[in-house]
Amino acid sequence: MSRRCVLGLDLGTSGVKAVLVATDGSVLARADRGYAVASPHPRWAETDPAQWEAAARDAVASVLADVDADVVAIGLDGQMHGTVLVDASGEPVRPAVLWPDGRAGDELARWQALAPERLRALANPLAPGMTGPVLAWLTRHEPDVVARAHRVLLPKDWLRTRLVPGALVTDHSDASATLLWDLERDEWSRDVLAATGIRADLLPEVVPSDEVVGTLDATEAAAWGLPAGIPVVAGCADAAATLVGSSSAPGRLVVTVGSGAQVVLPGITPTFDGPITHHTYRAATGGAYAMVAVMNAGIALTRVVSLLGGSWDDLYHDYDRQRPVPGFVPFLSGERLPTAAAPNSGRWFGLGLETERADLFAAALEGLCFTIRRGVESMPELADTAIDVAGGGTRSPVFAQLLADVLGRELCRVDLEDATAVGAALLAFRGAGLDLPEPPPRRGVGVRPGDSGPLEQRYARFLDEVDR
């Protein structure tokens, strides 16, 4: 007998995930498919959107083959900040430019020249890979390509046009992450457009994340193996979807640790004065959330393990905080927040003749935890609650305990493996007028902070090093 369910699609930077979520909230099937990120020139990061479509169709075919499913709605989420220029029919006019791209660094001067109050209204630090600076770069360096473009879309928005042709829109969560959206006025920033020369007609209509933007086209339905006419919602940014899928409560911090790390605080009230120490984005279900994206987490530790000719077991097994160890700044690819750091800023410091290999491993672990703490301390309105942590790095008891000790807060190690794709599916439940499934009970392993010992002194030393 067919199970009634919703399809969620999570379009990441290097892979897509498809999940089927039943009306009781259970995940019936999941599938992942990967694709390449190209770098045709130094500091460029691009993908042909056709790869996204091919991978997504393959993942959908896989989950449909796993269960007898009656799919009744579709939701999507995707990587943030990407730039997909399309013609009037939704076909890309060039490869998509992705968030790690660094070509638009010089364009940031146009944002820096804005009136201070309008720059603060963007509520985000300036980063070259965001949609606005990339679009300004393309306007200057590829004018013939931009002239052929009808709209600029975010990655998940383009994938949605393969389901609902002509739905050239975006949602508030993705719009707020472009450096083109005035969060104070909740509209595209006329000041940015005037300062950068970006065509206003390129910017898409902005709709709620759970709004149905169309139904599955009959031709596309046959290609995807899905029923024609089912509703498709606008969708949202991946970080916003994770908050939906994990039922994150306002004021409860969520820290995920993978290749990078994210420190996310949902349910904030945006402010538009003072220095910008964190990202502020619109949430998928209303309101806003704060985020610090740590660019160098697992990717930095992986490099350390390789440089020292060790293994992950060496990294964790030899850790001993009571030994005097050097410091480590893990900013190999630069950092954005709470203050910016240039690429190639990673380094050990304070080495002596007595320094051993195990000390370098220990310093690397501490340096990552200190970087995460620096992000946590930049969060506004942080309630004194346990912190949810997830991701591959937090599965190590050594790392989880060290992070709890560095933060001085109890951690709750939770499984958020499918949260992003499930969040996309839940938006489809809402938009299609279906009863939302009850959220599963929050399950996690508690990690209580212990005696910080020398960690406070080492954290102060770390801050002196990175903030000098």
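Residues numbered from 1 in each chain as written. Predicted model: local features only at pLDDT ≥ 70, side-chain atom pairs only at ≥ 80, totals over all residues. Heavy atoms only, no water.

Colleague: Even after reading the chapter, I still don't get the overall build of the protein chain, so can you show me in this structure?
Modeller: Counting its regular elements, the protein chain contains 16 helices and 24 strands. Expected size for 468 residues packed as a compact globule is a radius of gyration near 23 Å; at 22 Å, the protein chain falls within 12% of this value. Based on the C-alpha atoms only, the size of the protein chain along its principal axes is roughly 70 × 55 × 40 Å. Evaluated residue by residue, the protein chain yields a buried proportion of 56% over its 468 residues. In the protein chain, once contacts between residues fewer than 6 apart in sequence are set aside, the share between residues at least 24 apart is 73%. (Helix = DSSP H or I, 4+ residues; strand = E, 2+ residues; numbered from the N terminus. Rg over C-alpha atoms; globule rule 2.2 N^0.38 Å. Buried < 20%, exposed > 50% of the residue type's maximum accessible area, 1.4 Å probe, protein only. Contact = heavy atoms within 4.5 Å.)

Colleague: How should helix α14 (residues 397–407) be read in this particular structure?
Modeller: Burial analysis of α14 places 8 of its 11 residues in the buried class, the great majority of the element. Buried within α14 we find Phe 399, Ala 400, Leu 402, Leu 403, Ala 404, Asp 405, Val 406 and Leu 407. Gly 408 sits one or two residues past α14 and shows a positive phi near 65°.

Colleague: What is the right way to look at the sheet that holds strand β19 (residues 288–294) in this model?
Modeller: The strands making up a sheet are joined through hydrogen bonds of the backbone, oriented either antiparallel or parallel. Read across the sheet, 7 strands follow the order β18-β19-β17-β16-β22-β23-β24 without closing on themselves; strand pairing throughout is mixed. Pairing within the sheet leaves two strands with one partner each, and these edge strands are β18 (279–282) and β24 (444–447). Recorded for the sheet is a direction-independent mean angle of 25° between the axes of neighbouring strands. In this sheet, strand β23 (residues 411–414) lies alongside strand β22 (residues 387–390) in parallel orientation, the contact comprising 3 bridges. Residue pairing in the sheet places Val 389 in a bridge with Arg 413 of β23. Most of the contacts of helix α10 (residues 238–245) go to β19, to which it runs at about 115°, and overall it touches β17 (261–268) and β19. Contacting β16 (254–257), β17 and β19, helix α13 (residues 357–376) crosses the sheet at an angle of about 20° to β17. (Pairing = 2+ DSSP bridges. Axes fitted to C-alpha atoms, helices over the stretch in contact; angles between N-to-C directions.)

Colleague: Can you walk me through the packing of α13 against α14 in this structure?
Modeller: Between two packed helices, the angle of one axis relative to the other and the distance separating the axes together describe the packing. For the pair α13 and α14, the least separation of the axes is 9 Å and the interaxial angle reads 45°. The angle between α13 and α14 falls in the class oblique. The chirality of how α13 crosses α14 is right-handed. Within the contact between the two elements, α13 uses Leu 365, Glu 366, Leu 368, Cys 369, Phe 370, Ile 372, Arg 373 and Val 376 and α14 uses Phe 399, Leu 402, Leu 403, Val 406 and Leu 407. Of the residues belonging to the contact of α13 with α14, the class tally is 11 nonpolar, no polar and 2 charged. (Parallel < 35°, antiparallel > 145°, perpendicular 65-115°, else oblique. Left-handed = near helix turned anticlockwise from the far one by under 90°. Nonpolar A, V, L, I, M, F, W, Y, C, P; charged D, E, K, R; others polar.)

Colleague: Explain the side chain of Ser 173 here, please?
Modeller: Examined against the element boundaries, Ser 173 turns out to sit in helix α7 (residues 172–175). Within polar-contact distance, the side chain of Ser 173 engages the side chain of Asp 171 at 2.5 Å. Each residue touching Ser 173, except ones within four places of it in the same chain, is listed here: Ser 209, Cys 236, Ala 237, Ala 240, Arg 282 and Ala 283. (Polar contact = N/O pair within 3.5 Å; in protein donor to acceptor, adjacent residues only side chain to side chain.)

Colleague: Can you help me understand the environment of Asp 58 in this one?
Modeller: By secondary structure assignment, the location of Asp 58 is in helix α1 (residues 49–66). As a C-alpha pair, Asp 58 and Gly 34 span 24 residues in sequence and 10 Å in three-dimensional space.

Colleague: I'm lost on the pattern of salt bridges in this one. Help?
Modeller: Any two side chains of opposite charge can pair, on the condition that their charged atoms come close. As enumerated under the stated definition, the model contains 37 salt bridges in all. Taking the shortest distance from any N to any O, the salt bridge between Lys 156 and Asp 157 comes out at 2.7 Å. Classification of Lys 156 as buried rests on a relative accessible area of 0%. (Salt bridge = Lys/Arg side-chain N within 4 Å of Asp/Glu carboxyl O.)

Colleague: I'm lost on the pairing of β18 in this one. Help?
Modeller: As a general feature of sheets, a regular strand has side chains that alternate between the two faces. Burial along β18 is two-sided: His 279 and Tyr 281 facing one way and Thr 280 and Arg 282 facing the other are all buried. Bridge count between β18 and β19: 4 bridges; the pairing is antiparallel. Residue pairing across strands places Thr 280 opposite Ala 290, the latter belonging to β19. Between β18 and β19, which pair antiparallel and follow one another directly, the connecting turn spans 5 residues, one of which, Gly 286, has a positive phi of 105°.

Colleague: What's the story with the packing of aromatic side chains in this structure? I'm lost.
Modeller: Geometry of an aromatic ring pair is reported as the spacing of the ring centres plus the angle between the planes. Summed over all chains, the structure comprises 8 aromatic pairs. With centroids separated by 5.5 Å and ring planes inclined at 50°, the aromatic side chains of Phe 370 and Tyr 459 adopt a geometry described as tilted. On the criterion of sequence distance, the pair formed by Phe 370 in helix α13 and Tyr 459 in helix α16 (residues 455–466) is long-range, its members being 89 residues apart. An aromatic cluster of three or more residues is present, and its members are Phe 370, Tyr 459 and Phe 462. Cation over ring: Arg 103 sits above Trp 44, and NZ or CZ is 3.5 Å from the ring centre. Over the aromatic face of Trp 137 sits the side chain of Arg 103, whose NZ or CZ is 5.0 Å from the ring centroid. (Phe/Tyr/Trp six-rings, centres within 6.5 Å; stacked < 30°, edge-to-face > 60°. Lys NZ or Arg CZ within 6 Å of the ring centre and 35° of its normal.)

Colleague: How do you make sense of the nonpolar core when you look at a structure like this?
Modeller: Soluble, globular proteins show a tendency: their nonpolar side chains are buried together. Ranked by size, the top nonpolar core spans 62 residues in total, and within it Val 6, Leu 85, Trp 111, Leu 180 and Tyr 289 carry the most contacts. If one sorts the elements of this core by residue count, helix α15 (residues 419–431) sits on top with 7 residues. Dropping the residues within four chain positions of it, Val 6 is found in contact with Val 19, Leu 20, Val 21, Val 72, Ala 73, Ala 425, Ala 428, Phe 429 and Leu 434. One finds Val 304, Phe 349, Leu 368 and Phe 370 within the second-largest nonpolar core, a separate group that totals 52 residues. (Core = buried A, V, L, I, M, F, W, Y, C linked by side-chain atoms within 4.5 Å.)

Colleague: How should I be thinking about α16 in this particular structure?
Modeller: Owing to its 3.6 residues per turn, the α-helix aligns residues three or four sequence positions apart on the same side. Spanning 12 residues, α16 covers 16 Å between terminal C-alpha atoms, matching the ideal 16 Å at 1.5 Å per step. Residues of α16 that are buried make contact with β20 (327–329), β21 (347–349), α13 and α14. (Expected span 1.5 Å × (residues − 1).)

Colleague: I would appreciate a short explanation of unusual backbone geometry in the present structure.
Modeller: With the exception of glycine, the majority of residues adopt a negative phi angle, and the majority of peptide bonds are in the trans configuration. Although it is not a glycine, Arg 43 adopts a positive phi angle of roughly 75°. Mapped onto the fold, Arg 43 is located in the loop between β3 (27–34) and β4 (46–47). We classify Arg 43 as exposed; its relative accessible area is 57%. One non-glycine residue, His 81, lies in the positive phi region at around 75°.

Colleague: I tried to follow the environment of Leu 265 on my own but got confused; where do I start?
Modeller: When you line up the elements, Leu 265 lands in strand β17. Its relative accessible area of 1% is what places Leu 265 among the buried residues. Through-space distance from the C-alpha of Leu 265 to that of Pro 250 is 7.2 Å; in sequence the pair is 15 residues apart.

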